[in-house]
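# Architecture and fold: a report
Here is how the chains run, residue by residue.
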Amino acid sequence: MTLLSILEFPDPRLRTRATPVDPARIADPAFQALLDDMLHTMYEAPGIGLAASQVDVHQRFMVIDISEEKDQPQVFINPEITLADGHQVYQEGCLSVPGIFADVTRANQITVKAIGRNGQPFELSTDGLLAICIQHEMDHLEGKLFVDYLSPLKRDMVRKKLEKARRSSAA
Ligand code: NI
């Protein structure tokens, strides 16, 4: 498996709106291998979710595993939220915005329709952390980052902090 490199804010490629996956492609060994590479990259980071946009693949799919044991990978291809209700606030982070955490308000209860890695469509109703994670990863497919929910001033502070961290790690 290959460790993929993850784009970091404010890389403009993270702003690309992803296009749908052709379901006929899901069974392709190359596509399946990409899913494995994305899961591997997410586990190594470590993170609980990774959208294709973050590894510079601008198609609508993402991988998630919120389990304690990291043994319950979930793949969502062409995901669509068909129902969203209530709200919850959670301190989110993102592999594309390393070291930054901030409160974000999202729907509490969602129903999502997607295609699994076996090519089968499924529907999932969930809440809590999984609902947050699905909404966060789906934002990536729209070119949106969790820092977009912050005030412009705060977002600029995040950008400066990341630039400073990068400079000192390059030095
Ligand atoms: Ni993210």
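Please refer to the structure placed before this passage.
Report follows, based on the coordinates. (Residues numbered from 1 in each chain as written. Predicted model: local features only at pLDDT ≥ 70, side-chain atom pairs only at ≥ 80, totals over all residues. Heavy atoms only, no water.)

## Details of the coordination of the nickel ion
On the protein side, the nickel ion has Cys-94 (SG), His-136 (NE2) and His-140 (NE2) as donor atoms, found 2.1 to 2.2 Å from it. Site description for the nickel ion: donor spacing in sequence, C-x41-H-x3-H. Residue Cys-94 is located in the loop between β4 (88–92) and β5 (102–106), and its partner His-136 is located in helix α2 (residues 128–141); the two are separated by 42 residues in the primary sequence. There is no split in this pair, since Cys-94 and His-136 are both buried. (Donors = N, O, S within 2.8 Å, 3.2 Å for Na, K, Ca; no water. Helix = DSSP H or I, 4+ residues; strand = E, 2+ residues; numbered from the N terminus. Buried < 20%, exposed > 50% of the residue type's maximum accessible area, 1.4 Å probe, protein only.)

## Points about the environment of Asn-118
Assignment of secondary structure puts Asn-118 in the loop between β6 (109–115) and β7 (121–127). With relative accessibility at 57%, the residue Asn-118 sits in the exposed group. A C-alpha to C-alpha distance of 9.3 Å links Asn-118 and Gln-32, two positions 86 residues apart in sequence.

## Side note on the packing of aromatic side chains
Summed over the entire model, instances satisfying the criterion amount to two aromatic pairs. Between Phe-76 and Phe-122, the aromatic rings sit 5.6 Å apart at their centres with planes inclined by 55°, giving tilted as the arrangement. Here the residue Phe-76 occupies a position in strand β3 (residues 74–85), and Phe-122 occupies one in strand β7, the gap between them amounting to 46 residues. (Phe/Tyr/Trp six-rings, centres within 6.5 Å; stacked < 30°, edge-to-face > 60°.)

## Concerning the pattern of salt bridges
Oppositely charged side chains can form a pair if their charged atoms are brought close together. Summed over all chains, the structure comprises 12 salt bridges. Here Asp-156 makes a salt bridge to Lys-160, at a shortest N to O gap of 3.1 Å. Taken as a pair, Asp-156 and Lys-160 lie in helix α3 (residues 152–170) at a separation of four residues, close to a single helical turn. Judged by relative accessible area, Lys-160 falls into the partly exposed class, the value being 48%. For Glu-163, the salt bridge identified is with Arg-159, shortest N-O distance 3.2 Å. Taken together, the residues span about one helical turn, with Glu-163 and Arg-159 both in helix α3 at a distance of four residues. A residue is classified by how much of its surface remains accessible, and Arg-159, at 25% relative accessible area, is partly exposed. Counted as one network, the salt bridges with shared partners bring together Asp-156, Arg-159, Lys-160 and Glu-163. (Salt bridge = Lys/Arg side-chain N within 4 Å of Asp/Glu carboxyl O.)

## A short note on α2
Compared with the 20 Å implied by 1.5 Å per residue over 14 residues, the 21 Å span of α2 between its first and last C-alpha is a close match. With 12 of 14 residues buried, α2 is to be regarded as a mostly interior element. Buried residues of α2: Leu-130, Ala-131, Ile-132, Cys-133, Ile-134, Gln-135, His-136, Glu-137, Met-138, Asp-139, His-140 and Leu-141, and no others. Just downstream of α2, Gly-143 is the residue with a positive phi angle, here 80°. (Expected span 1.5 Å × (residues − 1).)

## A word on the sheet that holds strand β2 (residues 61–64)
Strand order in the open sheet made by the five strands is β1-β2-β3-β6-β7, with antiparallel pairing throughout. The open sheet has two edge strands, β1 (49–51) and β7, and neither has a second partner. Mean inter-strand twist for the sheet, computed between neighbouring axes without regard to direction, equals 40°. In this structure, β2 lies alongside β3, joined through four bridges in antiparallel fashion. Counterpart to Val-63 in the pairing with β3 is Val-75. Docked against the sheet, helix α1 (residues 29–44) engages β1, β2 and β3, running at close to 45° with respect to β2. (Pairing = 2+ DSSP bridges. Axes fitted to C-alpha atoms, helices over the stretch in contact; angles between N-to-C directions. Contact = heavy atoms within 4.5 Å.)

## What to know about a nonpolar patch on the surface
A cluster of nonpolar side chains, contributed by Ile-48, Ile-66, Tyr-90 and Leu-129, occupies part of the molecular surface with about 280 Å² of accessible area. Structurally, the position occupied by Ile-66 is in the loop between β2 and β3. According to the relative accessible area criterion, Ile-66 is partly exposed, its value standing at 31%. (Patch = residues over 30% accessible without salt bridge, like charges linked within 9 Å, V, L, I, M, F, W, Y side chains within 5 Å. Areas by Shrake-Rupley, 256 points an atom, 1.4 Å probe, with all protein chains shown as cover.)

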